[in-house]
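# Notes for the structure review
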Amino acid sequence: MRIIATAVLGIWLFASVGGSGVHASDAETFAAINASSNALDEAFAKRDVEAIKSLMTPDHVSVTPYYDGPQSVADQIASLSELDYGQTIVGKPSIVLLSPDVALRTFIADLKGSFKGKPLPTRAFVNETLVKRDGKWIERFFQITTLQQ
């Protein structure tokens, strides 16, 4: 009886969290999330302050192994001249909608560049939380975790 109850509970949980697959509207949402994240990466590469501000929430926090601690938008912009950042995404990013207006995007990346003259870690796990504001996906939280080679 326990096995049957466990199986029924598992099926119910799978169905209740959307285990039925990606819907067409999800695919459009995922494309918009990827486009916003890619635009933010490009803005950092170009040191485009206005684009950076428009693609992150005002209370954005970034945590990386190369910053001296959690960084606000102002902190990141202030140190932009010391950052040479490039990344190549390994595989395909994973996106999970935590709510209709909150998404978690994760991926593994090969990083290139330096911060304050020190090389960036070469392989990392990237975690981005994006929120939908005024119909536009923007980043609220960014974290890089160094992976062993």
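Model, not experiment: these values are computed from the prediction.

A separate point is the pattern of salt bridges. Note on pairing: side chains with opposite charge can pair once their charged atoms come close. Under the criterion given, the structure shown has five salt bridges. Two residues, Glu128 and Arg105, come together in a salt bridge whose shortest N-O distance is 2.7 Å. Within this pair, whereas Glu128 is found in strand β5 (residues 123–133), its partner Arg105 is found in strand β3 (residues 102–115), the two being separated by 23 residues in sequence. Residue Arg105 is classed as buried on the basis of its relative accessible area of 1%. Across the salt bridge formed by Asp110 and Arg123, the nearest N and O atoms sit 2.6 Å from each other. Here Asp110, found in strand β3, pairs with Arg123, found in strand β5; they are 13 residues apart in sequence, far enough to count as distant. We classify Asp110 as partly exposed; its relative accessible area is 24%.

Our focus in this paragraph is the environment of Thr29. By the element assignment, Thr29 lies in helix α2 (residues 24–46). Sequence-wise, Thr29 and Ala103 are 74 residues apart; in three dimensions their C-alpha atoms are separated by 9.5 Å. The residues contacting Thr29, other than those within four sequence positions of it, are Leu97 and Trp137.

With that settled, consider the packing of aromatic side chains. Within the structure shown, the criterion is met by three aromatic pairs. Considering the side-chain rings of Tyr66 and Phe115, the 5.9 Å spacing of their centres and the 50 degrees angle between planes classify their relative orientation as tilted. Pair noted here: Tyr66 is in the loop between β1 (56–63) and α4 (73–78) and Phe115 is in strand β3, with a separation of 49 residues, a long-range link. For the residue pair Tyr66 and Phe115, the accessibility class agrees, reading buried in each case.

Bringing the pairing of strand β6 (residues 136–146) into the picture now. When β1 meets β6, the two strands line up parallel, connected through four bridges. Across the sheet, the residue bridging to Val61 is Phe141, located in β6. Note: β5 against β6, ten bridges, orientation antiparallel. By the bridge assignment for β6, Asn127 is matched with Gln143.

Let us look at the nonpolar core. By size, the foremost hydrophobic cluster in this structure holds 22 residues, and its most contacted members are Phe44, Ile52, Tyr66, Leu83, Tyr85, Leu111 and Ile144. For this core, the secondary structure elements donating two or more residues are α2, α3 (49–54), β2 (83–99), β3, β5 and β6. For this core, the leading source of residues is β3, giving four residues. Excluding its chain neighbours within four sequence positions, the residues that come into contact with Tyr85 are Ala45, Tyr66, Leu111, Lys112, Leu120, Phe142 and Ile144.

Turning our eyes to something else, we now look at unusual backbone geometry. Among all residues except glycine, the phi angle is most often negative; among peptide bonds, the trans geometry is most common. Of note, Lys116 is a non-glycine position whose phi angle comes to about 55 degrees, a positive value. In this fold, Lys116 is placed in the loop between β3 and β4 (118–119). The backbone of Asp134 sits at a positive phi, close to 50 degrees, despite the residue not being glycine. Locating Asp134 in the fold gives a position in the loop between β5 and β6.

Criteria and cut-off values
- Residues numbered from 1 in each chain as written.
- Predicted model: local features only at pLDDT ≥ 70, side-chain atom pairs only at ≥ 80, totals over all residues.
- Heavy atoms only, no water.
- Salt bridge = Lys/Arg side-chain N within 4 Å of Asp/Glu carboxyl O.
- Helix = DSSP H or I, 4+ residues; strand = E, 2+ residues; numbered from the N terminus.
- Buried < 20%, exposed > 50% of the residue type's maximum accessible area, 1.4 Å probe, protein only.
- Contact = heavy atoms within 4.5 Å.
- Phe/Tyr/Trp six-rings, centres within 6.5 Å; stacked < 30°, edge-to-face > 60°.
- Pairing = 2+ DSSP bridges.
- Core = buried A, V, L, I, M, F, W, Y, C linked by side-chain atoms within 4.5 Å.

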